[in-house]
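# Report on the structure
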Amino acid sequence: MKEKRFYAAMYLRLSRDDEDRDGLTKSESNSIGSQRELIKSFLREQPDIELYDIYVDDGFSGSNFDRPEFKRMIGDIEAGRVNCVVVKDLSRFGRDYIESGRYIQKTFPALGVRFIALTDHFDSISADTGESNIVLPVKNFINDSYCRDISIKVKSQLEAKRKNGECIAAFAVYGYKKSDEDKNRLVVDEYAAENVRRIFAWKMEGMAISAIAEKLNGLGILSPKEYKKSMGLSYNGGFSGTGRSRWGNATIKRILTNQVYLGHMVQGKTEKINYKVKKQTKKPEGEWVKVENTHEAILSADDFEVVQCLLKADGRKSPVSGKPSPFMGILFCGDCGEQMVRRTVHYKDTSKIYYICSTKNRGEGCSRHSIEENTLKEIVCQSIRKFANSFLKEKELFDHALQYEINFDSVARYDKEIERLKKEQDKYYSLCSGLYEDLRTGIITKEEFERLHSGFSQKGKELESAMLKQEQLIKSMFKKGVLSAGRLKTFQDCAELKEIDRRTLSSLVKRICVYEHKQVEIEFHFMDTFAVTADIGRRILADRTERSA
C-alpha cells in the first residue's frame, strides 16, 4: 500500500502581545525566525511531508482568525493544494478557545488535513481520544485565558494613560503633532493649526460647513489624511476610496466640535465589544476621559463656545448676494422659536430687506413677525454698545474690588447666586429631615415617604451641582480675569460700534428673538459672567464702605 504524502503549510504568527513576563521585549522563542527554523528542522526529518508554502502573520493577534495569511492558507487547503498544517505550538495557531477547537477538531478532519503542533507534541494522525478530546481543549482554553488576561492588562494600562492626559492615539489630531521628546504629548503644528483657526473664523463669519469644505478644496489645502501622508506618516482614515482624499462635511464638523483645540485631551470615546471582536462601539459622552490643559490651545474658549452655538442653526448663504446673512443662525421668531428667513421686497427702483418667521413663510401657522434689516441692525447695534459699555464698567468695578480680597473663598462668599442656591438646598434637606417625623406620626405612608424623600434628595443634588458650576465660574474669573485679552479688545471696540458686522455679532450675541410690533429680545454670550461681575463687585465694595464708615 502506497504511503500517503502530505503537502504542508508552515504557519507562523507573532502578535504585539507576545511579550516576556517583564512586558518589555518580544519573546525570542516566539519570534518568526525561531518558529521558522524549528519547523524546518522538523520537516527535514519527515520523509512523508513536503513543504508547500510558508504563511506568516506578523503583528496579528491570536484572539481571532481575521488574518490575511491565515485566510490564504485556508484557501489553499480548500483548493486541495495543502493537506497538512504545521505550527510551533497551539498558541501560534490561535488563542480563541472555540474557533481553534472548531478548526482542529472539525474543519481539518472533515477536509482530511493533518494538524501538527510541535512543542505541544500534538499530531492529529497519532493523537488518541484523550489527547484530542481532553488535552487539546484544555490547552486551547489556557491560550484563550492568556489572551483575555493580556487584553485586560493592556486595557487598564491605556486607561491609566488616558486619565493621566497622555495621548495614546497612533496619530495626532489635525493641528497638532506628537512631541519628539514625548510621543504621548501634543505640540502645535503651526501650518495645520492656522488652517484650524481659519475654519473656526469662517464659521463665525456665517459660512456653512459645506461651504468651508468647498473653500478649502478650492484653495488646494490638503485634507487631514493627505496632509499626514505628505508628512511621511503611514496614515489611513476610517473611510477608504479611490483617488485623493478631499475635505468633506464630516471632517469639518469633527474639527469644529473637537475640544482638543482648547488644550484639553479627550479620549475613550469608543471601546471594543470584547478582546475577540475588533468592532468599536461609541460610548456616551459622560464616560469619555477628559483631562484639561494637557497641551497648548489653538483656540480661545470664547470662540469655541460661539461656534458650538452657531452649529445648532443653519448657515446657508443668500442666493442673490452669495454671502450669508449677518443674522444667520442667531435670529429666531420669539413665539414659535423657528429661525427667521431673509426676504427682499422690491418696489419700483428700490428694494428693502425684511426678516419674517419661517413657519409663517411655509404657511404652517404663526405670524410674520416682520422686521426690516436696517431697523434690526440699529436695534442690535445700540444694544451691543450698551452691553459692552456696561460690562467694561462692571469689569473695572470688579477688578477694583478684587484688590481688597486675597483668595477665592473670600470672593465666592459675596456671590448672590451661590447664596440663593445654598438657601434653596437647605430648604430641601430640611424637608427631607421633616419626612421622618411625618412617617413616625403616621401623617404619610411609607410609599409616600420614599417618593418624597427621593424627590427632595434629587433636588438637593441638582442644587449642589449648580453651586459647583457657579463656583467654577467665579474661580475662573478670579484666576484668569473676567475677560481674556482678545475678548476685552472686542468689548472695547464695541463700545463705539457704528455698524454691525458678522464677526462681532456672532462673538457677542447668542440669540435674537423677534416678537410682533418689532419687539426684540437679545441674549448675549457671557451673561453669567456679567451677572457675577456686577453682583460681586458691588457687594464687596459696599461691604468695604460699610466697614470703613
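Here goes a summary of the coordinates provided. Computed from a predicted structure; not experimentally measured. (Residues numbered from 1 in each chain as written. Predicted model: local features only at pLDDT ≥ 70, side-chain atom pairs only at ≥ 80, totals over all residues. Heavy atoms only, no water.)

Attention shifts here to the sheet that holds strand β14 (residues 350–357). Strand order in the open sheet formed by three strands is β13-β14-β15, with antiparallel pairing between adjacent strands. On the outer flanks of this sheet lie β13 (340–347) and β15 (371–372), each paired with one strand and no other. For β13 and β14, the ladder comprises eight bridges, and the chain directions are antiparallel. The partner of Val341 across the bridge, within β14, is Ile356. (Pairing = 2+ DSSP bridges. Helix = DSSP H or I, 4+ residues; strand = E, 2+ residues; numbered from the N terminus.)

Take Lys203: it is sitting in helix α6 (residues 190–204). Residue classification places Lys203 among the buried positions, given a relative accessible area of 5%. Residues within four places of Lys203 in sequence aside, it is in contact with Ala208, Ile209, Ile212, Leu256, Val307, Leu310, Leu311 and Arg502. (Buried < 20%, exposed > 50% of the residue type's maximum accessible area, 1.4 Å probe, protein only. Contact = heavy atoms within 4.5 Å.)

The five strands are arranged β2-β1-β3-β4-β5 in an open sheet whose pairing can be described as mixed. Two strands bound the open sheet, and with one partner strand each, they are β2 (49–58) and β5 (122–123). Helix-sheet contacts for helix α1 (residues 32–44) involve β1 (6–14), β2, β3 (84–87) and β4 (114–117), and the interaxial angle to β1 is about 160°. (Axes fitted to C-alpha atoms, helices over the stretch in contact; angles between N-to-C directions.)

Moving on to the packing of α6 against helix α7 (residues 209–218). Contact geometry of α6 with α7 gives a least axis separation of 10 Å together with a crossing angle of 135°. Accordingly, the angle class assigned to the pair α6 and α7 is oblique. When the axes of α6 and α7 are compared, the crossing they make is right-handed. Contact with α6, carried on its side by Ile199, Trp202 and Lys203, involves Ile209, Ile212, Lys215 and Leu216 of α7 and no other residues of that element. The residue inventory of the contact of α6 with α7, partitioned by class, reads five nonpolar, no polar and two charged. (Parallel < 35°, antiparallel > 145°, perpendicular 65-115°, else oblique. Left-handed = near helix turned anticlockwise from the far one by under 90°. Nonpolar A, V, L, I, M, F, W, Y, C, P; charged D, E, K, R; others polar.)

At a minimum axis separation of 9 Å, α7 and helix α9 (residues 249–256) run at an interaxial angle of 105°. In this view, α7 runs roughly perpendicular relative to α9, as classed from their interaxial angle. Side by side, α7 and α9 meet where Ile209, Ser210, Ile212, Ala213 and Leu216 of the first sit next to Asn249, Ile252, Lys253 and Leu256 of the second. Across the contact of α7 with α9, the residue classes tally to six nonpolar, two polar and one charged.

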